[in-house]
Amino acid sequence: DGGITQSPKYLFRKEGQNVTLSCEQNLNHDAMYWYRQDPGQGLRLIYYSQIVNDFQKGDIAEGYSVSREKKESFPLTVTSAQKNPTAFYLCASTPPDRDYEQYFGPGTRLTVT
Amino acid sequence: QKEVEQNSGPLSVPEGAIASLNCTYSDRGSQSFFWYRQYSGKSPELIMSIYSNGDKEDGRFTAQLSKASQYVSLLIRDSQPSDSATYLCAVNPSRAGNNRKLIWGLGTSLAVNP
């Protein structure tokens, strides 16, 4: 089965801890994206990557880091510097022949207390 | 002015009626327009994409685009309770170049009442 997977579905962490969210796709998509979604605020872009070993900051990159060592994988680390990390995190990817169409994984709901 | 605007709703329609969802955008050079459906607690799902002026139909869904009016809409015919969700409008701005970023509206909540 092809698709975008995110794990885990729910994640709980104590304040001050770094946490890494997984995003994997086996669709041969080049571009990958990380968003966070908060109630009433819509989707906000954290980081995106067009190709392996290259990524760019989105609109709210502070307190986050990413890597793109493989085409299939785009993990997001939420660092202790992120002031309000509790949110629904969504990973998306775009097929090479369908610029701008983004397909989402199931999401990870992170709660930091 | 927000770059992509949608009425937050909730929009309430009876089962079997036509639901009309609207989206306006500010970047006149935008070329690609998308509608996503998001059920509560789930991730967005792409349901329609439209690139040219006019109507595009897919099953019970019709997307309508007017670049002159900077307006894109989604019509859902024969609405079903299973259509109850938040509908997100997304637009690629003309300044995006090749980075494939989208600008997102906040979504319209639709409730279809049996």
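### Focus: the sheet that holds strand E7 (residues 61-66) of chain B
All names here are of chain B. Here five strands make up an open sheet; going across it, the order is E1-E3-E8-E7-E6 and the pairing antiparallel. Unpaired on one side and paired on the other, strand E1 (4-5) and strand E6 (54-58) mark the two borders of the sheet. Where E1 and strand E3 (residues 19-25) come together, two bridges link them in antiparallel fashion. Bridge assignment links Val 4 to a residue of E3, and that residue is Tyr 25.

### Considerations on the side chain of Gln 38 of chain B
Within the secondary structure, Gln 38 of chain B sits in strand E4 (residues 32-38). Relative accessible area serves as the criterion here: at 8%, Gln 38 of chain B is assigned to the buried category. Only 2.8 Å separates the side chain of Gln 38 of chain B from the side chain of Gln 37 of chain A, close enough to count as a polar contact. Gln 38 of chain B has contacts with Gln 37 and Phe 88 of chain A together with Ser 43, Pro 44, Ala 85, Thr 86 and Leu 88 of chain B, leaving out every residue within four places of it along the chain.

### A short note on the pairing of strand E9 (residues 85-92) of chain B
Residue and element names in this part refer to chain B. Of all eight residues in E9, seven are buried, a share of seventy percent or more. As paired strands, E4 and E9 are joined by seven bridges and run antiparallel to one another. Within the sheet, the bridge partner assigned to Arg 37 lies in E9 and is Tyr 87. Inspection of the sheet shows E9 paired to strand E11 (residues 108-113) by three bridges, in the antiparallel sense. In the strand pairing of E11, Thr 86 is matched with Ser 109.

So, how was this worked out
- Residues numbered from 1 in each chain as written.
- Chains lettered and ligands numbered in written order.
- Predicted model: local features only at pLDDT ≥ 70, side-chain atom pairs only at ≥ 80, totals over all residues.
- Heavy atoms only, no water.
- Pairing = 2+ DSSP bridges.
- Helix = DSSP H or I, 4+ residues; strand = E, 2+ residues; numbered from the N terminus.
- Buried < 20%, exposed > 50% of the residue type's maximum accessible area, 1.4 Å probe, protein only.
- Polar contact = N/O pair within 3.5 Å; in protein donor to acceptor, adjacent residues only side chain to side chain.
- Contact = heavy atoms within 4.5 Å.

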